[in-house]
Amino acid sequence: QVQLGESGGGLVQAGGSLRLSCAASERTRNSYTIGWFRQAPGQQREFVAAISWSNTNINYADSVKGRFTISCDNAKNTVYLQMNSLEPVDTAVYYCAARPLASGRYAYWGRGTQVTVSS
């Protein structure tokens, strides 16, 4: 069973920073890509960033390029999302998810962590 747990959300002023963490069960190593998604109230869930455990495949949504950085710590089975220059439009529940390497679908999801950016 793949398990994911997010942490690090909170309330921050515009221009501030937060670092989200996604603790993944060890079986995701070498077999899954880990992605971050977010969902704002009344909106559809959207892709934010994704990374392979080998750090060779990293992708970002255009809306966060240059502000957010995704990384992984293999020793801790943890994927991070460093968010800088936060804006009120970044307010959302942030989820991490795992996608099997041979699949185009994210099959496992965490429960999410709330990020609120005040103006």
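Preceding this paragraph is the structure being described.
Everything in this summary refers to the structure shown in the same document.

Here is what the cut-offs are and how they apply
- Residues numbered from 1 in each chain as written.
- Predicted model: local features only at pLDDT ≥ 70, side-chain atom pairs only at ≥ 80, totals over all residues.
- Heavy atoms only, no water.
- Pairing = 2+ DSSP bridges.
- Helix = DSSP H or I, 4+ residues; strand = E, 2+ residues; numbered from the N terminus.
- Axes fitted to C-alpha atoms, helices over the stretch in contact; angles between N-to-C directions.
- Disulfide = S-S within 2.5 Å.
- Buried < 20%, exposed > 50% of the residue type's maximum accessible area, 1.4 Å probe, protein only.

1. Some thoughts on the sheet that holds strand β8 (residues 78-83)
Turning to step 1, where the next piece is worked out: Reading across from one edge, β1-β3-β8-β7 is the order of the four strands in this open sheet, with antiparallel pairing throughout. Each edge of the sheet is formed by a strand with only one pairing partner; in this case those strands are β1 (4-7) and β7 (68-73). Between one strand axis and the next, the sheet turns by 15° as a mean value, whatever way the strands run.
Turning to step 2, where the next piece is worked out: Sheet topology note: the strand β3 (residues 18-24)/β8 ladder contains six bridges and is antiparallel. Bridge pairing links Leu20 to Leu81 in β8.

2. Looking at the state of the cysteines
Turning to step 1, where the next piece is worked out: Counted according to the given criterion, the structure contains one disulfide.
Turning to step 2, where the next piece is worked out: Through a disulfide, Cys22 is tied to Cys96; the S-S separation comes to 2.2 Å. With the S-S dihedral at roughly 70°, the linkage between Cys22 and Cys96 falls on the right-handed side. Note that Cys22 is positioned in strand β3 and Cys96 in strand β9 (residues 92-100), a separation of 74 residues in sequence. The pair Cys22 / Cys96 is uniform in exposure class, with both members buried.

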